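Spelled out, the chains give:
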Amino acid sequence: MGKLKVTETKLQDVKIIEPAIFGDKRGFFTETYSDRDFKEAGINFNFIQDNQSLSADAGVLRGLHFQRGKAAQTKLIRVVSGAVLDLIVDVRAGSPTYKQWEGYIISASNHRQLLVPKGFAHGFVTLTDNVNFLYKCDNYYDAAADGGFSFKTPELGIQWPIDFDQAITSEKDANQPTFAEFEKNNPFVYGEI
Ligand SMILES: Cc1cn([C@H]2C[C@H](O)[C@@H](COP(=O)(O)OP(=O)(O)O[C@H]3O[C@@H](C)C(=O)[C@@H](O)[C@H]3O)O2)c(=O)[nH]c1=O
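Residues numbered from 1 in each chain as written. Predicted model: local features only at pLDDT ≥ 70, side-chain atom pairs only at ≥ 80, totals over all residues.

It is worth spelling out the overall build of the chain at this point. Regarding its fold elements, the chain presents three helices and 13 strands. Along the first, second and third principal axes, the C-alpha set of the chain runs to 50 × 40 × 30 Å. Out of the 193 residues in the chain, the part that is buried amounts to 31%. Intrachain contacts of the chain at a sequence separation of at least 6 include 83% that bridge at least 24 residues. (Helix = DSSP H or I, 4+ residues; strand = E, 2+ residues; numbered from the N terminus. Buried ≥ 20, exposed ≤ 12 C-beta atoms within 10 Å, placed from the backbone. Contact = placed C-beta atoms within 7 Å.)

Next up on the list: the environment of Phe-149. Relative to the helices and strands, Phe-149 resides in the loop between strand S13 (146-148) and helix H2 (171-174). In this structure Phe-149 comes out as buried when scored by C-beta crowding, with 25 C-beta atoms within 10 Å. Taking the C-alpha atoms as reference, Phe-149 lies 9.7 Å from Ala-174; in sequence the two are 25 residues apart. Leaving out residues up to four positions away in the same chain, Phe-149 has contacts with Leu-64, Ala-121, Gln-176, Pro-177, Thr-178, Phe-179 and Phe-182.

Surrounding the ligand, one finds Asn-51, Ser-53, Arg-62, Gly-63, His-65, His-122, Gly-123, Phe-124, Tyr-141, Ser-170 and Lys-172. Those elements that place two or more of their residues in the shell around the ligand are strand S5 (49-55), strand S6 (61-67) and strand S11 (120-126). When grouped by side-chain class, the residues that make up the shell around the ligand number two nonpolar, seven polar and two charged. (Near = placed C-beta within 6 Å. Nonpolar A, V, L, I, M, F, W, Y, C, P; charged D, E, K, R; others polar.)

Now for the sheet that holds S6. Strand order in the open sheet made by the five strands is S9-S8-S11-S6-S13, with antiparallel pairing throughout. The open sheet terminates on both sides in strands that have one partner only, identified here as strand S9 (101-107) and S13. Strand-to-strand, the axes of this sheet are offset by a mean angle of 30°, without reference to chain direction. Direction of pairing for S6 relative to S11: antiparallel, over a ladder of three bridges. (Pairing = 2+ DSSP bridges. Axes fitted to C-alpha atoms, helices over the stretch in contact; angles between N-to-C directions.)

Moving on, we come to the sheet that holds S5. Reading across the sheet, the six strands line up as S1-S2-S10-S7-S12-S5 and stay open at both edges, with antiparallel pairing between neighbours. Either end of the sheet is taken by a strand with one partner, and the two such strands are strand S1 (4-8) and S5. Between one strand and the next, the sheet's axes are offset by a mean angle of 25°, whatever the strand orientation. Bridge count between strand S7 (residues 75-81) and strand S10 (residues 113-116): three bridges; the pairing is antiparallel. Bridge pairing in S10 places Ile-77 opposite Leu-114.

By the alternation rule, side chains of S10 split into Gln-113 and Leu-115 and Leu-114 and Val-116, which are all buried. Bridge analysis of strand S2 (residues 15-19) against S10 gives three bridges, and the strand direction is antiparallel. From the neighbouring strand, Ile-16 faces S10, where its bridge partner is Leu-114.

See the structure below:
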């Protein structure tokens, strides 16, 4: 039995990973990332950048984001304080789950990690104050390749657990193009990224 519990999701190539947690009277210990164990579990990426964001309040909404072209990123995300609803959309044209979305509760207490493949738009909304959100990426940040579309995407039927009037967002995210605009020049093709 491996140290990692890996669960497939309804979205093609998206996995939830739960490392072993060793609890005792002091608290717990866990290996949050072992290159060997992840590769043995079939999760074989060359993660080269680690990111952290702090969202001070519940109701912060970041997304929906991706990097285009050669700068596309696989992300391995987790939360070390608080809780989020992490929400991703498969935007790989030709994917069996194209345009499908799913939300996952990722929290400090459930120790879940989410593997977000290249060609997914990614975002999250904080469900608590003081969310420290960590993620590994297999490609460097490239401001020129940074992209996104609006979290308000009625055509995708996304159900965010928040009233958009209450969401705390960046200026950039408040002014992202619509999904329909994004789709006219969708750079992601299933099997080619
Ligand atoms: C993402 C990123 C941002 N930055 C800089 C750019 C900017 O000045 C500042 C804040 O950037 P943003 O507003 O884009 O940060 P944020 O809205 O938190 O962006 C992140 O959102 C989540 C949902 C993701 O999926 C990530 O890939 C990333 O897009 O940090 C870097 O230097 N390196 C990075 O890797």
